[in-house]
Amino acid sequence: MTDQHIRHDWELDEILGLFEQPLNDLLFRAQSVHRRYHPANEVQISTLLSIKTGGCPEDCKYCPQSVHYDTGLDAHNLLAVDDVVNAARKARDAGATRFCMGAAWRNPTNSQTRRVGELIEAVKELGMETCATLGMLTPSQARTLAAAGLDYYNHNLDTSPGYYGEIITSRSYQDRLDTLASVRDAGINVCCGGIVGMGETLEDRAGLLHQLANLPDHPESVPINNLVQVEGTPLHGVEPLPPLELARCIAVARILMPESVIRLSAGRTELSDEAQALCFMAGAGSIFCGDQLLTTPNPSFDDDMEMFDDLGLSPREAPVTGGA
Ligand code: SAM
Ligand code: DTB
Ligand code: SF4
């Protein structure tokens, strides 16, 4: 049965209208949508691991892993299965239900894709959901990952089509849409969102959400990253986005894509608990936990659990898949 509230025909002006509502009205509407589709006080926890770090040929202006910028990062090649499984077990025992493996590739080769498939199989044996973000995929690479049991593939649109050229020149917006279609066709859940606080305008934030909301199917997971500024990257020093604008962005995403889980993603070290509370009020239903994102710091598990206690939130239970 189709849900009449799930729309794929949003107009940019309607989205801008949502952004411009009084904050109380926007948050009230977003929280109402949230409660209709999701448990009110549960937050899903994912943990990230960079399985291949640095040396990436792409020129994404926000990214510390690009070869084009000198950020003093320690690069390493693809990690061994044991190292990945140990990190995943630690994350699971701390309360994460999904393990997200990120690689600094423009795109994996077929043999790299098969090796990541082995990592996915090993992590799934722990009873965790898996997510991978490896760059562009061909349809057959997406099927290889699906056969390994991959639950989610993360590939972000990053920003609006209009602002995109200011941020990345080494791959196109259409390349990204093509990878998303390959992932969808392979039957893998789509994790797709973007980054705010890159010097974009409100219209660009609305433009990003417009693209996401009008995809043929909404992504199951929508990460909203607040730019983590890294010295040496071109975006270091850009004016940070006020936290209220981040909360607005999450609220609008919540309203546009009611069934999706909106993730308050990178950039939480710069946010107070009060600002994060507003983001949960706006409908964020998932976060990354663990001291590190891919290469940059993140609040500790303990600090996050203390915040959850203060806010009366609880970590979402793992889906029942077994595992030892
Ligand atoms: N190389 C692959 C790719 O770009 O598709 C996968 C890894 S890449 C690091 C995954 C995502 O992390 C990017 O698409 C971007 O949205 C996000 N990201 C990277 N650097 C970031 C930063 N400094 N702040 C916020 N988000 C960032
Ligand atoms: C996503 O949207 N954000 C995560 C995950 N997907 C891969 C990555 C954030 C990276 C932040 C910068 C870093 O730690 O290198
Ligand atoms: Fe490479 Fe991904 Fe970083 Fe872009 S975001 S430079 S593709 S690792």
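First, a word on scope: everything that follows refers to the structure included in this document. (Residues numbered from 1 in each chain as written. Chains lettered and ligands numbered in written order. Predicted model: local features only at pLDDT ≥ 70, side-chain atom pairs only at ≥ 80, totals over all residues. Heavy atoms only, no water.)

**Structural notes on the side chain of His34**
Move 1: Checked against the element boundaries, His34 lands in helix α2 (residues 23-37).
Move 2: When its relative accessible area of 3% is taken as the criterion, His34 is described as buried.
Move 3: Setting aside chain neighbours within four positions, we find His34 in contact with Pro39, Ala40, Arg254, Gly283, Ala284 and Gly285. (Helix = DSSP H or I, 4+ residues; strand = E, 2+ residues; numbered from the N terminus. Buried < 20%, exposed > 50% of the residue type's maximum accessible area, 1.4 Å probe, protein only. Contact = heavy atoms within 4.5 Å.)

**Points about the site of ligand 3**
Move 1: Near ligand 3, the surroundings consist of Cys56, Glu58, Cys60, Tyr62, Cys63, Ser66, Ala104 and Arg171.
Move 2: In a pocket analysis with a 2 Å cut-off to the grid points, ligand 3 is assigned to the largest cavity.
Move 3: Here the shell around ligand 3 is built from residues that sort into five nonpolar, one polar and two charged. (Near = heavy atom within 4 Å. 1 Å grid on protein atoms, 1.4 Å probe; cavity = no way out; pocket = protein on both sides within 12 Å on 5 of 7 lines; lining within 4 Å. Sits in = over half its atoms within 2 Å of the grid points. Nonpolar A, V, L, I, M, F, W, Y, C, P; charged D, E, K, R; others polar.)

**Describing the layout of surface pockets**
Move 1: Computed from the structure, the largest pocket encloses a volume of approximately 340 Å³.
Move 2: In terms of lining, the largest pocket is formed by 18 residues, of which the most central are Thr47, Lys90, Gly290, Asp291 and Gln292.
Move 3: Among the elements of the structure, β1 (42-52), α3 (81-94) and α11 (301-311) are those that each provide at least two residues to the lining of the largest pocket.
Move 4: Of the residues assigned to the lining of the largest pocket, the class counts are 10 nonpolar, five polar and three charged. (Points joined across faces, edges and corners; volume = space filled by probe spheres on them.)

**Topic: empty space enclosed by the protein**
Move 1: Here the structure, examined in full by the defined rule, presents one cavity of 30 Å³ or more.
Move 2: Taken together, 40 residues form the lining of the largest cavity, with Tyr62, Cys63, Asn154, Asn156 and Leu294 sitting closest to its centre.
Move 3: Listed by contribution, the elements that provide at least two residues to the lining of the largest cavity are β2 (98-103), β3 (129-133) and β7 (221-226).
Move 4: Split into classes, the residues belonging to the lining of the largest cavity amount to 22 nonpolar, 13 polar and five charged.

**Focus: the site of ligand 1**
Move 1: Of all residues adjacent to ligand 1, which total 15 residues, the nearest are Tyr62, Trp105, Asn156, Asp158 and Val228.
Move 2: With respect to ligand 1, the backbone of Val228 contributes an N or O atom lying 2.9 Å from a nitrogen atom.
Move 3: When isolated, ligand 1 has an accessible area of 550 Å², and the protein chains bury 91% of it.
Move 4: With respect to the pocket detection grid, ligand 1 is positioned in the largest cavity. (Polar contact = N/O pair within 3.5 Å; in protein donor to acceptor, adjacent residues only side chain to side chain. Areas by Shrake-Rupley, 256 points an atom, 1.4 Å probe, with all protein chains shown as cover.)

What is shown is where atoms sit, not what they do.
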